[in-house]
Amino acid sequence: MNLRSRVAREAAFLLYRGVVEEYKQAKEMAAKGLGAKFLPSNLEVAVALDEIAEEVEGEGRRRRLLEMRRTALELMEHLSDLHPRLIGSVWRGTIHRGSDIDIVVYAQDREGVAERLRGMGLQVRREESRTVVKTGVPMTSHHLYLQTPSGLEVEVVVRPPWEEGEVELCEIYGDLKVGLTLPQLRRVLREDPLRRFVPLKRR
């Protein structure tokens with residue numbers, strides 16, 4: 001294994017073990033520890049992370065993906081009027097033991113969304129608002145961090161209704177983060193429940 005691959009794998013281990021949460025920090029720590037003067041791409045680290053998860057978790061990983069997708073479906077059905085979309089590693093099919101379920105909804109009343117989630121038996125652990133600037137325009141989203149009765153972690157991102165339909169470029173795979181709508185997730189679970197949504201050339 002060459003040095004670049006070793007840095008990518010070490011960065012992936014840091015992410016897998018939860019030592020750090022961000023790719024940039026993981027790459028910098030790995031490069032420093034191995035004496036490398038370069039950083040691998042996010043894609044290289046993501047591929048290594050996927051390989052580590054498969055090596056460590058094996059068949060249990062696939063059972064957990066199915067459980068997480070079914071849980072996402074249940075949540076999205078309860079929030080169907082808010083046009084929910086499943087994103088993140090549960091959409092991609094690249095989960096590992098530290099993964100959560102990421103769902104985006106579109107609503108102005110973020111407190112109303114939180115109350116609906118509590119009514120479903122989910123524990124709201126914390127909330128936070130984030131503002132990023134895109135094309136010179138500040139955009140704010142509200143993040144709800146929850147836990148299901150079975151112990152699964154969930155992040156629900158509440159965006160304003162006028163942002164529905166906007167799609168971002170993925171910083172890891174380089175494609176569009178389109179995710180899965182409720183009808184699409186139903187079809188995936190019916191026809192190919194373990195399907196991966198990773199660009200073909202990067203699988």
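Quick note: structure is the one above.
Scope of this entry: the structure provided in the associated data block. (Residues numbered from 1 in each chain as written. Predicted model: local features only at pLDDT ≥ 70, side-chain atom pairs only at ≥ 80, totals over all residues. Heavy atoms only, no water.)

Brief notes about the pattern of salt bridges
Note that side chains of opposite charge can pair when their charged atoms are close. Under the definition given, this model contains 20 salt bridges. A salt bridge links arginine 4 to glutamate 44; the nearest nitrogen and oxygen atoms lie 2.9 Å apart. Of this pair, arginine 4 sits in helix H1 (residues 3–16) while glutamate 44 sits in helix H3 (residues 42–57); the two residues are 40 residues apart in sequence, bridging distant segments of the chain. Here lysine 24 makes a salt bridge to glutamate 28, at a shortest N to O gap of 2.5 Å. Residue lysine 24 and its partner glutamate 28 are located together in helix H2 (residues 23–34), separated by 4 residues, close to a single helical turn. A single salt-bridge network, built from bridges that share partners, covers Asp50, Glu54, Glu59, Arg61, Arg62 and Arg196. (Salt bridge = Lys/Arg side-chain N within 4 Å of Asp/Glu carboxyl O. Helix = DSSP H or I, 4+ residues; strand = E, 2+ residues; numbered from the N terminus.)

Notes on the side chain of arginine 61
Turning to its location among the elements, arginine 61 is positioned in helix H4 (residues 59–78). Classification of arginine 61 by relative accessible area gives buried; the value is 5%. Looking at arginine 61, its side chain comes within polar contact range of the side chain of aspartate 50, at 2.3 Å. Side chain to side chain, arginine 61 and glutamate 54 meet in a polar contact 3.0 Å long. Setting aside residues no more than four positions away along its own chain, arginine 61 makes contact with Asp50, Ala53, Glu54, Thr94, Ile95 and Arg196. (Buried < 20%, exposed > 50% of the residue type's maximum accessible area, 1.4 Å probe, protein only. Polar contact = N/O pair within 3.5 Å; in protein donor to acceptor, adjacent residues only side chain to side chain. Contact = heavy atoms within 4.5 Å.)

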